[in-house]
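Understanding the architecture of this molecule
As a plain string of letters, each chain reads:
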Amino acid sequence: IEVWLEFRRVLFRSRAVTIYAHMSHINSSITVGSTVRRGEVIGQSGNTGTKDSTLKKKTGAHLHWEMILQNKVGEYYLGQGLKSDSLYVLFQNIF
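Here the structure is a predicted model, which is why all the values come from computation and not from measurement. (Residues numbered from 1 in each chain as written. Predicted model: local features only at pLDDT ≥ 70, side-chain atom pairs only at ≥ 80, totals over all residues. Heavy atoms only, no water.)

Let's talk about the overall build of the protein chain
Each helix and strand counted, the protein chain has 2 helices and 7 strands in total. In sequence order, the protein chain lays out its α and β elements as β-β-β-β-β-α-β-β-α. Relative to its 95 residues, the protein chain shows a buried fraction of 23%. Here the contacts in the protein chain between residues at least 6 apart in sequence split such that 31% fall between residues at least 24 apart. When the accessible area of the protein chain is evaluated, it comes to approximately 7400 Å², of which 54% is carbon and sulfur surface. (Helix = DSSP H or I, 4+ residues; strand = E, 2+ residues; numbered from the N terminus. Buried < 20%, exposed > 50% of the residue type's maximum accessible area, 1.4 Å probe, protein only. Contact = heavy atoms within 4.5 Å. Areas by Shrake-Rupley, 256 points an atom, 1.4 Å probe, with all protein chains shown as cover.)

Quick word on the pairing of strand 3 (residues 16-21)
Buried residues dominate strand 3, accounting for 6 of its 6 residues. In this sheet, strand 6 (residues 64-70) lies alongside strand 3 in antiparallel orientation, the contact comprising 6 bridges. Note on strand 6: the bridge partner recorded for V17 is I68. (Pairing = 2+ DSSP bridges.)

A short note on the confidence of the model for the protein chain
Averaged over all residues, the pLDDT of the protein chain is 80; the fraction at 70 or higher stands at 85%. Mean pLDDT across the elements of the protein chain ranges from a minimum in strand 1 (residues 2-3), with 40, to a maximum in helix 2 (residues 84-94), with 90. Within the model, the stretch residues 1-6 combines pLDDT values under 50 with 23 contacts to residues more than four positions away or in other chains. (pLDDT = per-residue confidence, 0-100.)

Side note on the environment of Y20
With respect to the helices and strands, the residue Y20 is situated in strand 3. Distance from Y20 to S45, taken between C-alpha atoms, is 8.8 Å for residues 25 residues apart in sequence.

Overview of the pairing of strand 6
Walk down a regular strand and you will see the side chains alternate between the two sheet faces. Two strands pair when backbone bridges link them, and strand 6 and strand 7 (residues 75-77) are joined in this way by 3 bridges, in the antiparallel orientation. Its bridge partner lying in strand 7, Q70 is registered against E75.

With respect to unusual backbone geometry
The residue H22 is not glycine, and still its phi comes out positive at about 70 degrees. Locating H22 in the fold gives a position in the loop between strand 3 and strand 4 (23-26). Phi at K56 is positive, roughly 65 degrees, even though this residue is not glycine. Residue placement: K56 occurs in the loop between helix 1 (51-54) and strand 6. Judged by its relative accessible area of 74%, K56 is exposed.

A look at the environment of Q80
Relative to the helices and strands, Q80 is located in the loop between strand 7 and helix 2. Q80 gets classed as exposed once you look at its relative accessible area, which sits at 53%. Separated by 12 residues in sequence, Q80 and I68 place their C-alpha atoms 9.5 Å apart.

Structure follows, in structure tokens:
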């Protein structure tokens, strides 16, 4: 796990990377090399990087989440190239 400002990057053994950004709080017990388990709280969503955050407002909290998959050809995002309807179904099945 890498911490950069209000950002977490989680590396998986399966050659997948998830990114959690715009977080208002990051669990201090999670450090580089930590094992994160399903259901473990890694932080809280926030509004870092938004206009509201620059104005010191607490509105506009959200989570920016990405999953990057890696193979011999390179990297691609989970759902890359899918139309929004198909992407919605994919995420419903995952979450």
